[in-house]
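The residues making up each chain are set out below.
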Amino acid sequence: MDQLQDFFTREAPRMTALADQIWKLAELRYAETASAQLHIDALAASGFRITKNVAGIPTAFMAEWGGTGNDSGPVIAFLGEYDALSGLNQQSGALVCTPSVDSPGLAGHGCGHHLLGTSAHFAAIALQAHLQASGGKARVRYYGCPAEEGGSGKTFMARAGVFDDVDVALTWHPASYTGVFSQSTLANVQAKFIFHGKASHAAHSPHLGRSALDAVELMNVGVNYLREHMPPDARVHYAVTDTGGTSPNVVQARAEVLYLIRAVRNDEAAALYERVQNVARGAALMTECKLDIVFDKACSNLLQNSTLNAVLHAKLLAEGKLKVNAAEQTKAVDFQATLTASDIDAVSRPLASVLRGKTPAVFEGVAPYDPAAREVLFGSTDVADVSWVTPTAQAWVACFAFGTPMHSWQLVSQGLSGLAHAGMVRAARVLTATAIELVNKPELIEQAKAELLERRQGKPYACPIPADVPLPFTRA
Ligand SMILES: [Zn+2]
């Protein structure tokens, strides 16, 4: 284990520099070309075999190290992400919302995926180093997964079967606290509703026109009535993406609305999507418009694996308390001062038993793990689709001032901080230790697989994106 400590100490500066470079690139979904290439070059230099263009996605790749024969041991996969978020360009370290002069683009790493992907990479090369030193057997994989944000990259990859022979998948997510990612997440479906009417002069010949914008408005009204009669944990969001022009004196011939439908389980999301489509058909009938429904993307609900979670939790605890220096502590205090009480409360509430009424600037401990808790995180992740294919576990690791919300300028601003770097290295150590335990105790992998079968209730994984839906970036 001492050798591994040395490895982490030696490699941390290189990995930190890689994460920082990706933060600066801030590339958006399916366009993470330079970020993916940085990972590919470094993993290839570490002796990993690279498969590019995985699932037909130019910014998805797989890196593998280890034997390929029957006795090459389990396939241990680390999932990495590197996509940024649009509209979140922010100057590093600034305590106010200030667009950066260094990166002229409009995007920013508002979900810390520059840390996420680099830490998973770090874990892959650390496991490789451990196996080389110990003679242990496993095939180590790093999956470069693009477009987690709004692109369902992993769901398209799962549809193509790229995770089918993986024995265990491990990953993590940067956060403002540390613990097992033990919440389930919502399944979702996203689709475009395009209405086609008929243009006419709105004053001279209104009776000859058929308004596509009316259809969009009626669809939205209909869906807003539907809300009262849908499962309480379901969510429906929409954005009008084409209002049909800016001239009120022209009856709008084309209008478009994008819907994102979420529910606790895949089957519930699919059923709700059907009902939303019926509302759209009703709006088309009322307005005598034609309707095109274009399926955009989907992802599954996350399946927990308590066998893996227990190992992960033990490794988080084994790391001991997070210690940051006085300068980082002060920085965290300053950032926390920019948050609202509600921001902090949203993170504090589930951690009440460890916080005991105090609000730390840096969360130093580990949240308790209760396998019986059934908490839902009201959001979605495409890691969920991997969790249906192979046993999957994720950790949250503190990288930001306690209470920092996801997708905020404060999170972008802290992306290059000492705390972010420390969390990134810590996550790599935890993922590596978890993987080593699984390699040493193959019975845990068998147990995790049996648990997955049970959670799937004997059903195979059915990708929520139909086979004929094209990859998002190939569409006109
Ligand atoms: Zn994220």
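From a predicted model like this one, the values you see are computed outputs, not experimental measurements. (Residues numbered from 1 in each chain as written. Predicted model: local features only at pLDDT ≥ 70, side-chain atom pairs only at ≥ 80, totals over all residues. Heavy atoms only, no water.)

(A) Up close: the layout of surface pockets. One number sums up the size of the second largest pocket: a volume of about 800 Å³. Around the second largest pocket, the lining comprises 39 residues; the ones closest to its centre are Val264, Arg265, Asn301, Leu303 and Trp388. Of all the secondary structure elements, the ones that give two or more residues to the lining of the second largest pocket are β7 (184-185), β8 (187-196), α7 (266-287), β11 (290-299), α8 (306-318) and α15 (442-455). Considering each element in turn, the lining of the second largest pocket owes the most residues, five residues, to α7. (1 Å grid on protein atoms, 1.4 Å probe; cavity = no way out; pocket = protein on both sides within 12 Å on 5 of 7 lines; lining within 4 Å. Points joined across faces, edges and corners; volume = space filled by probe spheres on them. Helix = DSSP H or I, 4+ residues; strand = E, 2+ residues; numbered from the N terminus.)

(B) Highlighting the packing of α8 against α15. With their axes 8 Å apart at the nearest point, α8 and α15 run at an angle of 135° to one another. When the interaxial angle is binned, α8 and α15 end up oblique. Counting all contacts with α8, which are made through Ser306, Thr307, Leu308 and Val311, the residues of α15 involved are Leu444, Gln447, Ala448, Glu451 and Arg455. (Axes fitted to C-alpha atoms, helices over the stretch in contact; angles between N-to-C directions. Parallel < 35°, antiparallel > 145°, perpendicular 65-115°, else oblique. Contact = heavy atoms within 4.5 Å.)

(C) Quick look at the sheet that holds strand β2 (residues 61-65). Ordered in space as β1-β2-β4-β3-β5-β13-β6, the seven strands form an open sheet in which the pairing is mixed. In the strand order of this sheet, the two ends are held by β1 (49-52) and β6 (179-180), each with one partner. Bridge count between strand β5 (residues 168-175) and strand β13 (residues 392-398): seven bridges; the pairing is parallel. Following the sheet pairing, Trp172 is matched in β13 by Ala395. Relative to the sheet, helix α14 (residues 418-440) contacts β3 (75-81), β5 and β13, its axis offset from that of β5 by approximately 160°. (Pairing = 2+ DSSP bridges.)

(D) Summary view of the packing of aromatic side chains. Overall, the coordinates contain 14 aromatic pairs when judged by the stated rule. Between the aromatic rings of Phe7 and Phe8, the centroid separation amounts to 6.2 Å while the plane-to-plane angle is 80°, which identifies the pairing as edge-to-face. Of the two residues, Phe7 and Phe8, neither departs from the other in class, the shared state being buried. Each ring, one from Tyr177 and one from Phe363, has its centre 6.0 Å from the other, and the planes form 80°; the classification is edge-to-face. Of this pair, Tyr177 sits in the loop between β5 and β6 while Phe363 sits in the loop between α11 (352-355) and β12 (376-377), and the two are 186 residues apart along the sequence. An aromatic cluster is defined as three or more aromatic residues linked by ring pairs; in this entry it consists of Tyr177, Phe181, Phe363, Trp396 and Phe402. In this structure, Arg429 packs its charged tip against the face of Phe8, placed 5.7 Å from the ring centre. (Phe/Tyr/Trp six-rings, centres within 6.5 Å; stacked < 30°, edge-to-face > 60°. Buried < 20%, exposed > 50% of the residue type's maximum accessible area, 1.4 Å probe, protein only. Lys NZ or Arg CZ within 6 Å of the ring centre and 35° of its normal.)

(E) Up close: the coordination of the zinc ion. Note on the zinc ion: its protein donors are Cys111 (SG), His113 (NE2) and His173 (NE2). The metal-donor distances range over 2.1 to 2.3 Å. Spacing between the donor residues of the zinc ion along their common chain follows C-x1-H-x59-H. One end of the pair, Cys111, is in the loop between β3 and α3 (113-134); the other, His173, is in strand β5, with 62 residues separating them in the sequence. His173 carries the same exposure label as Cys111, and that label is buried. (Donors = N, O, S within 2.8 Å, 3.2 Å for Na, K, Ca; no water.)

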